[in-house]
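One letter stands for each residue in the lines below.
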Amino acid sequence: MHIIHKKGWEIPEREATPESVAFNRRAFIKASGLLGAGAIGAGWPKISLAATDPTASLYPAKRNEAFTLDRPLTPEQTASRYNNFYEFSLSKSAFMQAEALKTRPWTVKIDGLVEKPMELGIDDLIKAMPLEERLYRHRCVEAWSMTMPWTGFPLKKLVDYAKPLGSAKFVRFETFLDPKMAPGQRGFFPWPYVEALTMAEATNDLALMVTGAYGKPLANSFGAPLRLHTPWKYGFKSAKSIVKISFVEKRPETFWEASGPGEYGFWANVNPQVPHPRWSQASEEIIGTNDRKPTLLFNGYGEYVADLYKGLEKENLYI
Ligand SMILES: Nc1nc2c(c(=O)[nH]1)N[C@H]1C(S)=C(S)[C@@H](COP(=O)(O)O)O[C@H]1N2
Ligand SMILES: [Mo]
């Protein structure tokens, strides 16, 4: 496929710094008339105020101490305002447009090769699952990284709950489709957003369904009310705002494979020695700092996941 539009990561880094986020914030407040109304507090910090969320009382969840970091946490205001969320914008300030994301009512469909397909209200699902907090590193294919305190439950628990049939080989995740709500979906991309994992990846200890961050329900920009995070893979594998989880036999075509097959493959495991066709993956910019660090194989999570890829040497496992 010939892609004629610009990808988010072709935007010069300058435009994607926290400084420009701060600038955009002022522009946004001005444009929305909030300054004049003297109501900045009412209009602006909604992304960090989740008190009205029906699951708010479940947070903060107990931290699982098994997952530790080699660097400080990214401040919440930095992490929740520097996002890839193409449904809303190709710019890192998608968090502003993502305020339009309506997260209730929200239903998650589980279908495909399962004993009994079902539809679950998001609040019932979250209450049925064991929430815990995990400190995870996040490595975007664009060569930047963050560290977040996610709250969520192991994807494995949801797989057990769904009772897949033996014939299921992949788990497919689909994001909402609503071009009225999400301006990016009016543009040229193979919507809705789709990601997928093998069953072995999905039932690995690390694969986390995320419902909250920083000790409260997920801010819209992080992909509320339910997103995936697979920290050993490039960030694009971690689908946001999921409405459907399907168990399938055939390997699904994913959003990024369909958009740029030569650049974003199915596996997308982090490997500093395998460059992206257009840039090096050897190191990463730590967002919110002036630091770069060397990138680690499997983003430092090899002890959990390296075994998953034995026998797959012929596949293009990295990018
Ligand atoms: N639905 C959807 N999910 C998505 C994306 C997206 O544009 N839409 N971007 C991906 C990419 S490229 C990254 S790096 C992460 C960003 O997650 P964050 O904004 O919480 O850091 O979300 C991933 N999941
Ligand atoms: Mo990414």
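It should be noted that the structure appears before, not after, this text.
Residues numbered from 1 in each chain as written. Chains lettered and ligands numbered in written order. Predicted model: local features only at pLDDT ≥ 70, side-chain atom pairs only at ≥ 80, totals over all residues. Heavy atoms only, no water.

**What to know about the overall build of the protein**
Phase 1 of the analysis: Counting its regular elements, the protein contains ten helices and twelve strands.
Phase 2 of the analysis: Within the protein, the proportion of its 319 residues that are buried is 55%.
Phase 3 of the analysis: Of the contacts made within the protein by residues no fewer than 6 positions apart, 72% connect residues no fewer than 24 positions apart.
Phase 4 of the analysis: Just so you have it, the protein exposes about 14,100 Å², and 55% of that area is on carbon and sulfur atoms. (Helix = DSSP H or I, 4+ residues; strand = E, 2+ residues; numbered from the N terminus. Buried < 20%, exposed > 50% of the residue type's maximum accessible area, 1.4 Å probe, protein only. Contact = heavy atoms within 4.5 Å. Areas by Shrake-Rupley, 256 points an atom, 1.4 Å probe, with all protein chains shown as cover.)

**So, empty space enclosed by the protein**
Phase 1 of the analysis: Throughout the structure, instances matching the rule amount to three cavities of 30 Å³ or more.
Phase 2 of the analysis: Reported here for the largest cavity is a volume of approximately 320 Å³.
Phase 3 of the analysis: Considering the residues around the largest cavity, the lining is formed by 24 residues, among which Asn84, Phe85, Arg227, Gly235 and Lys240 are closest to the centre.
Phase 4 of the analysis: Of all the secondary-structure elements, those providing two or more residues to the lining of the largest cavity are strand E3 (132-140) and strand E4 (144-154).
Phase 5 of the analysis: Sort the elements by how many residues they give to the lining of the largest cavity and E4 lands first, with four residues.
Phase 6 of the analysis: A class-by-class count of the residues in the lining of the largest cavity yields 15 nonpolar, six polar and three charged. (1 Å grid on protein atoms, 1.4 Å probe; cavity = no way out; pocket = protein on both sides within 12 Å on 5 of 7 lines; lining within 4 Å. Points joined across faces, edges and corners; volume = space filled by probe spheres on them. Nonpolar A, V, L, I, M, F, W, Y, C, P; charged D, E, K, R; others polar.)

**Points about the sheet that holds strand E2 (residues 118-121)**
Phase 1 of the analysis: Strand order in the open sheet made by the five strands is E2-E1-E10-E5-E6, with mixed pairing throughout. With one partner strand each, in any of the chains shown, E2 and strand E6 (194-198) form the two edges of the open sheet. Along the sheet, successive strands turn relative to each other by an average axial angle of 20°, direction set aside.
Phase 2 of the analysis: With five bridges connecting them, strand E5 (residues 170-175) and E6 associate as antiparallel partners. (Pairing = 2+ DSSP bridges. Axes fitted to C-alpha atoms, helices over the stretch in contact; angles between N-to-C directions.)

**Re the site of ligand 1**
Phase 1 of the analysis: Of all residues adjacent to ligand 1, which total 17 residues, the nearest are Asn83, Tyr86, Glu87, Ser238 and Lys240.
Phase 2 of the analysis: Tyr86 has a polar backbone atom sitting 2.7 Å from an oxygen atom of ligand 1.
Phase 3 of the analysis: A distance of 2.7 Å separates an oxygen atom of ligand 1 from a polar atom in the side chain of Lys240.
Phase 4 of the analysis: The protein chains hide 100% of the 530 Å² of surface that ligand 1 would expose on its own.
Phase 5 of the analysis: When atom positions are compared with the pocket grids, ligand 1 is found to occupy the largest cavity.
Phase 6 of the analysis: Counted by class, the shell around ligand 1 contains eight nonpolar, six polar and three charged residues. (Near = heavy atom within 4 Å. Polar contact = N/O pair within 3.5 Å; in protein donor to acceptor, adjacent residues only side chain to side chain. Sits in = over half its atoms within 2 Å of the grid points.)

**With respect to the side chain of Asp53**
Phase 1 of the analysis: Looking at the secondary structure, you find Asp53 in the loop between helix H3 (40-43) and helix H4 (76-79).
Phase 2 of the analysis: At a separation of 2.4 Å, a polar atom in the side chain of Asp53 contacts the side chain of Thr55.
Phase 3 of the analysis: At a separation of 3.4 Å, a polar atom in the side chain of Asp53 contacts the side chain of Arg104.
Phase 4 of the analysis: Setting aside its immediate chain neighbours within four residues, Asp53 contacts Arg104 and Pro217.

**Things to note about the pairing of E2**
Phase 1 of the analysis: The pairing of strand E1 (residues 107-112) with E2 spans four bridges and is classified as antiparallel. By the bridge assignment, Val108 is partnered in E2 with Leu120.
Phase 2 of the analysis: Between E1 and the antiparallel strand that follows it, E2, lie five residues.

**Here's the deal with the pattern of salt bridges**
Phase 1 of the analysis: Enumeration over the complete set of coordinates arrives at 18 salt bridges.
Phase 2 of the analysis: Of the charged contacts, one joins Arg139 and Glu284 as a salt bridge, the two residues approaching to 3.1 Å between their closest N and O atoms. Placement of Arg139 in strand E3 and of Glu284 in strand E11 (residues 283-286) is noted, with a sequence separation of 145 residues between them.
Phase 3 of the analysis: Given a relative accessible area of 0%, Arg139 falls into the buried group.
Phase 4 of the analysis: For the salt bridge of Glu257 with Arg251, the shortest nitrogen-to-oxygen distance reads 3.5 Å.
Phase 5 of the analysis: The buried category is assigned to Glu257, whose relative accessible area is 18%.
Phase 6 of the analysis: What makes Arg251 partly exposed here is its relative accessible area of 34%. (Salt bridge = Lys/Arg side-chain N within 4 Å of Asp/Glu carboxyl O.)

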